[in-house]
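What follows is each chain in one-letter form.
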Amino acid sequence: MSQPDAIKSNKSPICDLEATTEWLCLDSIAYIAECLEACNCADMLTDLREIFPRQALKVASVKVCQLQRQRIKKWLEELNREV
């Protein structure tokens, strides 16, 4: 039985959906920002990157407190090095 490519290459999939107006509405951005605030490790950030479109995460990230943005930036750097 073969493993999915993402597991074999140790690369986590990233959501490739376009950020539609529904994703970018205030309620959606507020919810995504809450998820980012609750994020407590790189693995959880990986999960969020699989769920939410990249542009929506980017827009929501500016709503997150400065300290959490710094943590997220550090985790992103770690995740990008793993690729």
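Located above this text is the structure these notes cover.
The present account deals with the structure reproduced in this document. Just so it is clear, the structure is predicted and the values come from calculations on it, not from any experiment.

## Quick notes on the layout of surface pockets
At step 1: The computed volume of the largest pocket comes to approximately 380 Å³.
At step 2: Forming the walls of the largest pocket are 13 residues, and the residues nearest its centre are Arg-54, Leu-57, Lys-58, Ile-72 and Leu-76.
At step 3: The set of elements that each furnish at least two residues to the lining of the largest pocket consists of α4 (42-51), α5 (54-61) and α6 (66-82).
At step 4: The leading source of residues in the lining of the largest pocket is α5, at five residues.
At step 5: Here the lining of the largest pocket is built from residues that sort into six nonpolar, three polar and four charged.

## Some thoughts on the environment of Leu-76
At step 1: Of note, Leu-76 is situated in helix α6.
At step 2: Taking the C-alpha atoms as reference points, Leu-76 and Thr-46, 30 residues apart in sequence, are found 8.8 Å from one another.

## Let's talk about the packing of aromatic side chains
At step 1: Evaluated as defined, the whole model comprises two aromatic pairs.
At step 2: Note on Trp-23 and Phe-52: the rings are 5.8 Å apart at their centroids and 85° apart in plane angle, and the pair reads as edge-to-face. Of the two residues, Trp-23 is situated in helix α2 (residues 21-24) and Phe-52 in the loop between α4 and α5; the sequence distance between them amounts to 29 residues.
At step 3: Ring centres 6.2 Å apart and planes at 75° place the aromatic pair Tyr-31 and Phe-52 in the edge-to-face group. Placement of the pair is Tyr-31 in helix α3 (residues 26-38) and Phe-52 in the loop between α4 and α5, with a sequence separation of 21 residues.

Conventions adopted
- Residues numbered from 1 in each chain as written.
- Predicted model: local features only at pLDDT ≥ 70, side-chain atom pairs only at ≥ 80, totals over all residues.
- Heavy atoms only, no water.
- 1 Å grid on protein atoms, 1.4 Å probe; cavity = no way out; pocket = protein on both sides within 12 Å on 5 of 7 lines; lining within 4 Å.
- Points joined across faces, edges and corners; volume = space filled by probe spheres on them.
- Helix = DSSP H or I, 4+ residues; strand = E, 2+ residues; numbered from the N terminus.
- Nonpolar A, V, L, I, M, F, W, Y, C, P; charged D, E, K, R; others polar.
- Phe/Tyr/Trp six-rings, centres within 6.5 Å; stacked < 30°, edge-to-face > 60°.

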